[in-house]
Amino acid sequence: MSDKLPILVVDDEEQVLNALKRLFRKEFEVTVSDKPVEAVELLKEREFAVIVSDMKMPLMTGAELLSQAFIHSPNTARILLTGYSDIDSTALAINEGKISNYVSKPWRNDDLKNIVNNACEQYQLKQSVIRLQSELEDKNKQLQNYNEELESKVNARTSSLTNLTDKLKEVNQKQRKLFNDVIEMINLIIENATGCDDGHIKRVASHCRLLAKNLNLDKQMITQAYLCGLMHEVGKVSLDDELVKCTENDLSKEQLLAKQQNAVRGAKILEKLPNLENICKGILHQYEHFNGTGIPDHLIADNIPTISRILAVVNNYDKLLVGRVTGEKMQQEQAMQIMRPLAPEIYDPEILKAYFDLLSSGKVFENHDIDVCLGVNGLESGMQLTQDLLNKQGAVILTAGTEITPSIIEKLRKYEKDWNYIFNVFVQ
């Protein structure tokens, strides 16, 4: 079976069909047809990544064919070949056929190939999102089925209050475990797509929850802030590896905007799950700017959801620490110095101050499931490493779980002085 993506080319001129088949046959599985009606039947039988159709054909125009293509194969990208005299017909094709692009005759081979290649990439992206949505929907069905089973069991045991209480506890534990399993599955998918296992997602989620609690938000908002942090990168599974794995400062403005579209895609994926409306909104608007210059909706100040404003501060701070922005890891004060001048243009100034005050107060250490990044001078005896500590050459010198002692602190200070190196230490 061929690994090439299938494309369909339709034109009533045999010479044009032969030329297009020669142009694309090395990269794609090309099916050609000189009859639009026949092409419609082909679309009913199988799905093509792209259909390229001439505008002027007997019995059926390109606009009519692409309109039929949208009905029978909506995921197929639709490209129209048209002459300069067909402007009105082209407009019709855009409205009725919902074409992805159109190319004027005579075309340049390189331009046409680029357009078809881009359309195929978009088709593959859609397929990836559809697969992920299907996986999430399957998990949701499992949850629904389990809840139905739970209701049946509870109704069957209403005669005994003691047994009912015990059963509810057991079921709640199972539900929580199943929910955590779903979240863990999402995290594994994200880590696999991004190639990052630096603890960023869980750390961001924990810090979002702690900050929301410190801002005196209600219990529901605190939970939503935590879940938003856990799933804020789910849309990255649909991005190209180049966008996902490059540091932000290495990307052009256009590439950075494309990378930030993961928020929109993540929200689209999660909206399929019930009761996650606020989580979807929080993820969707995580790249909004406080002054209204962000994406996707240019929301301003308090119009931006609170959990989005929390996520923006915590997420960007942690990305600076782990090197996702500049490629170099930073210490706490360095990251703060970069972010402070960006309020109120980028960040909510009240939330930014509350978070930095929280980090500086040491209250983070009252929550044993949360780790923070410190320089050597901020370390204290009894703290515990949450990540392996590497030296300048990249070798592990202290493993995760090691308890910090005065002797370790002194040795790290000496190493920094001798090697002109600054450690970035994650502890709890």
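Residues numbered from 1 in each chain as written. Predicted model: local features only at pLDDT ≥ 70, side-chain atom pairs only at ≥ 80, totals over all residues. Heavy atoms only, no water.

1. So, the overall build of the protein chain
On a plain count of helices and strands, the protein chain comes out with 16 helices and 9 strands. Taking all 428 residues of the protein chain together, 46% fall into the buried category. Counting only carbon and sulfur atoms, one obtains 48% of the accessible surface of the protein chain, whose full area is about 22800 Å². (Helix = DSSP H or I, 4+ residues; strand = E, 2+ residues; numbered from the N terminus. Buried < 20%, exposed > 50% of the residue type's maximum accessible area, 1.4 Å probe, protein only. Areas by Shrake-Rupley, 256 points an atom, 1.4 Å probe, with all protein chains shown as cover.)

2. Concerning the pairing of strand S4 (residues 77–82)
Consecutive side chains of a regular strand alternate in pointing toward one face of the sheet and then the other. Here S4 lies mainly inside the structure; 6 of its 6 residues are buried. Judged by which residues are buried, S4 turns out to be covered on both faces: Ala77, Ile79 and Leu81 on one side and Arg78, Leu80 and Thr82 on the other are all buried. Note that strand S3 (residues 50–54) and S4 share 5 bridges and pair parallel. From the neighbouring strand, Ile51 faces S4, where its bridge partner is Arg78. Taken together, S3, helix H3 (residues 62–72) and S4 form a β-α-β motif whose crossover is right-handed. Across 4 bridges, the pairing between S4 and strand S5 (residues 101–104) is parallel. Across the sheet, Ile79 pairs through a bridge with Asn101, a residue of S5. (Pairing = 2+ DSSP bridges. Right-handed = clockwise from strand over helix to strand, strands pointing away.)

3. Describing the packing of helix H7 (residues 200–214) against helix H13 (residues 306–322)
It is the contact of H7 with H13, at a shortest axis distance of 9 Å, that shows an interaxial angle of 140 degrees. For the element pair H7 / H13, the angle class is oblique. The crossing of H7 and H13 is right-handed. Residues His200, Arg203, Val204, His207, Cys208, Leu211 and Ala212 of H7 form the contact with H13, whose participating residues are Ile310, Leu311, Val314, Asn315, Asp318, Lys319 and Val322. Of the residues in the contact of H7 with H13, the class split is 8 nonpolar, 3 polar and 3 charged. (Axes fitted to C-alpha atoms, helices over the stretch in contact; angles between N-to-C directions. Parallel < 35°, antiparallel > 145°, perpendicular 65-115°, else oblique. Left-handed = near helix turned anticlockwise from the far one by under 90°. Contact = heavy atoms within 4.5 Å. Nonpolar A, V, L, I, M, F, W, Y, C, P; charged D, E, K, R; others polar.)

4. Remarks on the sheet that holds S3
Pairing is parallel in the open sheet, where 5 strands are placed in the order S2-S1-S3-S4-S5. Bordering the open sheet on either side are strand S2 (29–33) and S5, each of which pairs with just one other strand. On average, adjacent strands in this sheet sit at an angle of 20 degrees to one another, irrespective of strand direction. Where strand S1 (residues 6–10) lies against S3, 4 bridges are found, and the strand directions are parallel. Each bridged residue has a counterpart across the sheet, and for Ile7 the counterpart in S3 is Val50.

5. Here we look at the packing of aromatic side chains
On inspection of all chains with the given rule, the structure shows 8 aromatic pairs. Ring geometry for Phe24 versus Phe28: centroids 6.1 Å apart, planes at 65 degrees, classification edge-to-face. Taken individually, Phe24 and Phe28 each receive the classification buried, so the pair is uniform in this respect. Look at Tyr415 and Trp419: their rings are 5.7 Å apart centre to centre, the planes differ by 20 degrees, and that puts the pair in the stacked class. Residue Tyr415 and its partner Trp419 are both found in helix H16 (residues 406–419); the two are separated by 4 residues, about one turn of the helix. (Phe/Tyr/Trp six-rings, centres within 6.5 Å; stacked < 30°, edge-to-face > 60°.)

6. Quick notes on the pattern of salt bridges
Scanning the entire structure with this criterion turns up 17 salt bridges. Residue Lys105 pairs with Asp54 through a salt bridge whose shortest N-O separation is 2.8 Å. Of this pair, Lys105 sits in the loop between S5 and helix H5 (109–156) while Asp54 sits in strand S3, and the two are 51 residues apart along the sequence. For Lys105, a relative accessible area of 22% puts it in the partly exposed group. (Salt bridge = Lys/Arg side-chain N within 4 Å of Asp/Glu carboxyl O.)

7. Details of the nonpolar core
Core analysis: the biggest nonpolar cluster contains 66 residues, and Met231, Tyr317, Met339, Tyr355, Phe356, Leu379 and Val427 have the highest contact counts within it. Shared between two domains, this core takes at least three residues from each, and those domains are domain 2 (196–365) and domain 3 (371–427). The residues contacting Tyr355, other than those within four sequence positions of it, are His207, Leu211, Val313, Val314 and Tyr317. With 23 residues, the next largest nonpolar core counts Leu5, Leu17, Ile115 and Tyr123 among its residues. (Core = buried A, V, L, I, M, F, W, Y, C linked by side-chain atoms within 4.5 Å. Domains from an automatic or database assignment.)

8. What to know about a negative patch on the surface
A surface patch of like charges, here negative, comprises Glu121, Asp240, Asp241 and Glu242. Topologically, Glu242 is positioned in helix H9 (residues 241–245). (Patch = residues over 30% accessible without salt bridge, like charges linked within 9 Å, V, L, I, M, F, W, Y side chains within 5 Å. Lys, Arg positive; Asp, Glu negative; His and termini not counted. Charge placed at Lys NZ, Arg CZ, Asp CG, Glu CD.)

9. Brief notes about the environment of Val50
Secondary-structure assignment places Val50 in strand S3. Residue Val50 is classed as buried on the basis of its relative accessible area of 0%. The spacing of Val50 and Leu8 is 42 residues in sequence and 6.3 Å in space, taken between C-alpha atoms. Residues contacting Val50, with those up to four places away along its chain left out, are Pro6, Ile7, Leu8, Thr76, Ala77, Ile79, Val116, Ala119 and Cys120.

10. Overview of helix H14 (residues 332–339)
Along H14, the positions that sit buried rather than exposed are Gln332, Ala335, Met336 and Met339. The arc that holds every buried residue of H14, seen down its axis, measures 100 degrees, which confines them to one face. As for H14, its buried residues are in contact with H13, helix H15 (349–361) and strand S6 (372–374). (Arc of directions from axis to C-beta.)

All quantities given are derived from atomic positions and should not be read as evidence of function.
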